[in-house]
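Chains, contacts and geometry: an overview
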Amino acid sequence: MLVHSPLTGPSFWSGVRDALWARGRPTYLGRLPPAERIHPPYWLTHAAGIAAGLPEDDEVVLVAHSGAGPLLPAIGRLARNRSPGARVTGYLFVDCDLPRDGCSRLDLFDDAAAAVALRERSVRGWMPTWTGEQLRALIADQDSRERFVAELPRTPLALYDEPIAVPDDWPDAACAYLRLSEHYPGALAQARRRAWPLRELAGHHLLPLCEPDRVAGAIDELVVAMATVR
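Conventions used here
- Residues numbered from 1 in each chain as written.
- Predicted model: local features only at pLDDT ≥ 70, side-chain atom pairs only at ≥ 80, totals over all residues.
- Heavy atoms only, no water.
- Helix = DSSP H or I, 4+ residues; strand = E, 2+ residues; numbered from the N terminus.
- Rg over C-alpha atoms; globule rule 2.2 N^0.38 Å.
- Buried < 20%, exposed > 50% of the residue type's maximum accessible area, 1.4 Å probe, protein only.
- Contact = heavy atoms within 4.5 Å.
- Areas by Shrake-Rupley, 256 points an atom, 1.4 Å probe, with all protein chains shown as cover.
- Lys, Arg positive; Asp, Glu negative; His and termini not counted.
- Charge placed at Lys NZ, Arg CZ, Asp CG, Glu CD.
- Axes fitted to C-alpha atoms, helices over the stretch in contact; angles between N-to-C directions.
- Parallel < 35°, antiparallel > 145°, perpendicular 65-115°, else oblique.
- Left-handed = near helix turned anticlockwise from the far one by under 90°.
- Nonpolar A, V, L, I, M, F, W, Y, C, P; charged D, E, K, R; others polar.
- Salt bridge = Lys/Arg side-chain N within 4 Å of Asp/Glu carboxyl O.
- Arc of directions from axis to C-beta.

What follows covers the overall build of the protein chain. Within the protein chain, the regular secondary structure consists of ten helices and six strands. Its C-alpha radius of gyration of 17 Å places the protein chain within 12% of the 17 Å reference for a compact globule of 230 residues. Projected onto its principal axes, the C-alpha coordinates of the protein chain cover approximately 45 × 35 × 35 Å. The buried share of the protein chain, taken over its 230 residues, is 52%. Looking at the protein chain alone, contacts between residues at least 24 apart form 74% of all its contacts between residues at least 6 apart. Within the structure as shown, the protein chain displays about 10700 Å² of accessible surface, and the carbon and sulfur contribution to it stands at 50%. Taken together, the 25 basic and 29 acidic charged side chains of the protein chain have centroids lying 0 Å from each other.

What follows is the structure, encoded as structure tokens:
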């Protein structure tokens, strides 16, 4: 199950999903409802929605990008509480911070100044969103760039400022990390210390959108590696 960031739309993962299916690995897109349509705690609504959408009575590896990473432990716990329910056999973090109990997404930032700057750029409690011009250098294809921007949700700053719970017994399954950019050095260091399966792709934070086959290949390799350490 591929889980997109609350700052992006679900089609962000579409190309990677298709590439994984082509490799013979059944893959589904999780969909987070836009935060402006739900009430806090946002993380719990998002985690519960993904857990409810997992295929029943099956093994599932959860794959999260960016701001979705801190949701994975809660999704795993909620899935485990379902009867019948999916069995989460792995957590794969893609270019994101790693969860820590009681911490918000802003708390997890490596650079405290960046968290302050994000708060200062927010307008009336809403986070800034990317523009097509800002993304031109990263997403060269105009159609892809326009689709991506059109799907960007309005996100309240409160979503990034709310504490997120992590179960005491997490991790309860194998974990792995896929690095795409230079943005998460702390998470990368933690993954190395914990001896998680790890891959690094030279690219940028939105690489799944731009090079889905390459990202799918790395995910496939990591899922295989995770199966050997369960």
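Right, let's get into the packing of helix α2 (residues 42-52) against helix α3 (residues 72-81). Running from N to C, α2 and α3 point in directions that differ by 50°, and their axes come no closer than 8 Å. Here α3 runs oblique to α2, going by the angle between their axes. Taken as a pair, α2 and α3 cross one another with a handedness that is right-handed. Residues Trp43, Leu44, Ala47, Ala48, Ile50 and Ala51 of α2 form the contact with α3, whose own contacting residues are Ala74, Ile75, Leu78 and Ala79. Across the contact of α2 with α3, the residue classes break down as ten nonpolar, no polar and no charged.

All right, on to the packing of helix α1 (residues 14-22) against helix α10 (residues 212-227) then. Where α1 contacts α10, the axes come no closer than 8 Å and their chain directions differ by 60°. Classified by the angle their axes make, α1 and α10 are oblique. Crossing of α1 over α10 shows right-handed handedness. Here Gly15, Val16, Ala19 and Leu20 of α1 lie close against α10, whose contacting residues are Pro212, Asp213, Val215, Ala216, Ile219 and Asp220. Of the residues contributing to the contact of α1 with α10, the split by class is seven nonpolar, one polar and two charged.

The subject of this paragraph is the environment of arginine 192. Looking at the secondary structure, you find arginine 192 in helix α8 (residues 185-193). Not counting the four nearest positions on each side in its chain, arginine 192 is found in contact with Leu198 and Glu200.

What follows deals with the pattern of salt bridges. By the definition in use, this model includes 16 salt bridges. In this structure, arginine 179 engages glutamate 200 in a salt bridge whose closest nitrogen and oxygen atoms are separated by 2.7 Å. Here arginine 179 is found in strand β5 (residues 174-179), whereas its partner glutamate 200 is found in strand β6 (residues 198-200), with 21 residues between them in sequence. Glutamate 200 sits in the partly exposed class, given a relative accessible area of 39%. One connected set of salt bridges, linked through shared partners, spans Arg77, Arg80, Asp169 and Asp172.

To continue, consider α8. Among the residues making up α8, those that are buried are Ala187, Leu188, Gln190 and Ala191. Looking straight down α8, one finds its buried side chains confined to an arc of 160°; they lie on one side. Its buried side turned inward, α8 meets β5 and β6. One or two steps after α8, the chain reaches alanine 195, where phi turns positive at roughly 60°.

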